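Structural overview
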Amino acid sequence: MSADRVLGFELALLAGAGVVALLLLLVGATPAAALLAATALYLARHLWLLWRLARFIRRQHRLAPPFPAGVWGEIYRAVGRYQQRSRKGRKRQIRFQRRFREAADSVPDALVVLGKSQQVEWANPAAAALMGVQWPAHDGRRLTDVFAQRGLGEYLEAGDYSRPLEVAADHNQSLMLSIRVAPFGERKRQRLLVGRDITKIFHLNMIRRDFVANASHELRTPLTVIAGFVENLSSSALTPEPHRRPLSLMDKQTTRMRTIIEDLLTLSRLEMQDTASNLAPVNVPQEIEQVVADARALSAGDHDIVVDMDEDLLLIGNQSELRSAVSNLVFNAVKHTPPGSHVQVHWHDDGGTPALRVADDGPGIAPEHIPRLTERFYRVDKARSRASGGTGLGLAIVKHVLNRHDAELSIASDLGRGTSFTCRFPPASRLRRADSGALVQVLRAR
Ligand code: ADP
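To keep things clear, this report deals only with the structure shown in the data block. (Residues numbered from 1 in each chain as written. Predicted model: local features only at pLDDT ≥ 70, side-chain atom pairs only at ≥ 80, totals over all residues. Heavy atoms only, no water.)

As paired elements, strand β3 (residues 165–168) and strand β4 (residues 176–184) share 4 bridges and run antiparallel to each other. When the sheet's bridge partners are listed, Val 167 is paired in β4 with Leu 177. Here 8 bridges tie β4 to strand β5 (residues 190–197), and the two strands are oriented antiparallel to one another. Each bridged residue has a counterpart across the sheet, and for Leu 177 the counterpart in β5 is Asp 197. In textbook terms, the turn of a hairpin is the stretch between consecutive antiparallel strands, and for β4 and β5 this stretch comprises 5 residues, one of which, Gly 185, has a positive phi near 80°. (Pairing = 2+ DSSP bridges. Helix = DSSP H or I, 4+ residues; strand = E, 2+ residues; numbered from the N terminus.)

The ligand sits among 19 residues. The nearest are Asn 332, His 336, Ser 385, Thr 391 and Gly 392. Between the ligand and Lys 335 there is a distance of 3.5 Å, counted from an oxygen atom to a side-chain nitrogen or oxygen. Backbone polar atom of Leu 395 to an oxygen atom of the ligand: 2.9 Å apart, as the coordinates give it. For the ligand, whose unbound accessible area comes to 530 Å², protein coverage reaches 97%. Taken together, the elements giving at least two residues each to the shell around the ligand come down to α10 (319–335), α12 (394–404) and β12 (418–424). Take the shell around the ligand: its biggest share by element is 3 residues, from α10. Within the shell around the ligand, the residues separate by chemical class into 8 nonpolar, 8 polar and 3 charged. (Near = heavy atom within 4 Å. Polar contact = N/O pair within 3.5 Å; in protein donor to acceptor, adjacent residues only side chain to side chain. Areas by Shrake-Rupley, 256 points an atom, 1.4 Å probe, with all protein chains shown as cover. Nonpolar A, V, L, I, M, F, W, Y, C, P; charged D, E, K, R; others polar.)

Attention now moves to the packing of aromatic side chains. Aromatic ring pairs are defined here through the distance separating the ring centres and the angle between the ring planes. Under the definition given, this model contains 2 aromatic pairs. Ring plane angle 80° and centroid distance 6.2 Å describe the contact between Trp 347 and Phe 425, whose orientation is recorded as edge-to-face. Taken together, the residues Trp 347 in strand β9 (residues 342–350) and Phe 425 in the loop between β12 and β13 (430–432) connect sequence positions 78 residues apart. Residue Trp 347 is classed as buried on the basis of its relative accessible area of 1%. Residue class for Phe 425 comes out buried when judged on its relative accessible area of 6%. (Phe/Tyr/Trp six-rings, centres within 6.5 Å; stacked < 30°, edge-to-face > 60°. Buried < 20%, exposed > 50% of the residue type's maximum accessible area, 1.4 Å probe, protein only.)

With antiparallel pairing, 3 strands are arranged side by side in an open sheet as β6-β8-β13. The open sheet has two free edges, formed respectively by β6 (280–282) and β13, since each of these has just one partner strand. Strand-to-strand twist in this sheet, taken as the mean axis angle between neighbours without regard to direction, amounts to 40°. For β6 and strand β8 (residues 313–317), the ladder comprises 3 bridges, and the chain directions are antiparallel. Across the sheet, Val 282 pairs through a bridge with Leu 315, a residue of β8. (Axes fitted to C-alpha atoms, helices over the stretch in contact; angles between N-to-C directions.)

Shown next, in the form of C-alpha cells:
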C-alpha cells in the first residue's frame, strides 16, 4: 500500500468517527459525549490491533495475510517480513550447524576443543576411538585426566605448537598419534587439538630406518675385507705395474663406500631418538680446536682458518654428536671452497644463546639449493662433491644432531662471496666453565 493510500485510509477512518459524532449529536447527545464516543471508537480499533500484534509476537505466531488496512497493515506486513527473514536465518543456521557436526563427525582425525583450563568442551567420534575422549561423557574434564599421556600436559602448557607431538597412545600401544594444537577464539585461549593416526607412516619409517641400518651394517664387514686386500695388493712389491692404477681406483672407491656406510650408520643412530642421550658438559672450544687441527691437515695449507671463540663457553650435550656436527661444517668449508679461501669459526654467547658460526668466502650457494641442503644425498654439484670425497650426508647429520639438541641451523649464502652456517643452541644448554664441575656432580648423582 502506498503512503498516500495509508494516509487516505486513516483520514477516512477519522472522517467516519466524525460522522458517528455528528449522528450522536443529532440524536441528542452532548458534544463532549459525542466526541468522546467517536474518539473511543477510533482508539478501540488501534488498541485491538496493537493487542493482536503483541499476542502474535509473544506466542511467536506467524503473521500472515490478510492484514488490516491502514497504518497497522503496514506494521503487520513489516513484522511479518522480519519474522520470515529471521525464521529463514534460523533454519539456515540449524542446517549449517548440522552439516558442520556431520562433517566434523566424519573427519578421521581426532578433534577436541579445549577450554582455557585444558578442559574438554567438545570432541568428535574419532577422538573416542583414537584418544578415548568421549563427548559429552567427558565434557568439562581436564584432557590430561582422560587422555593421560606422558609429555602432553607440558606440551599444552608450553604453548609452542610449531612442531607436532608424537605419542604412542597409552590406551592402545599399537597406535601412534601425531598431535597438533591450534589456538583460536578470544585472545586465542581456546584450543583445537587434532590427533592424527600416523601408525602406518611411523612403521614404514621404522622399516626404512631399520633397512638402511641393517644394510649398512651388513655391507661394512665385506667392505672392510675388500679394502684390506686392496690396500695389501696396492702396497705389495709383487703387484704388477699395470695393476697399480686399477688398484688405486678400487682403493679410492672402497674408502668412499666406507665413508658413506659410516655416515648412514651415524644417521640411523641419530634417528633412533628425538633427543640427545648421554648429556654432559661438552668442552666445545676443545672440540673446535681438534676439528680445526684436522681441517688444517685436510686443507694442507691451502686455506686460512681463523678461530674466534669464548674459551669459557661450554654446552650441555652429547660430545660425539656435537663433534660430528662441528667437523661436518668445518670440513665442508674446506672441501667446498677453492685454495686461498678464508674460513672463520666463531663460538660465542649471543645474548644468552650459545652460537657456533662457520663462515667462508668461497663460491657460495644459489638460493634455490639452500632449503634442500640438509636432505640426504643432496649436493649442489654432484661431481664436485664426489671429487672432494663428499657423501651428501654431512648436513643431514648436522641437522639431526641439532634437532636432538633443540638447536637451530640457519644458512646464509651470497653467490660468489661465501657461505655461513650458524647453529643456535637453547639458552638452557649454556654452561660457563666455572660451573661445569658442579653440574657433572649433579648429572652423576642422577
Ligand atoms: P657433502 O658430503 O657433499 O659435503 P653435505 O650434506 O655436507 O654433503 O653438503 C651438501 C652440499 O652442500 C654439498 O655437496 C655442497 O654442494 C654444499 N655445501 C656445503 N657446505 C658448503 C660450503 N661451505 N660452501 C659451498 N657449498 C657447500
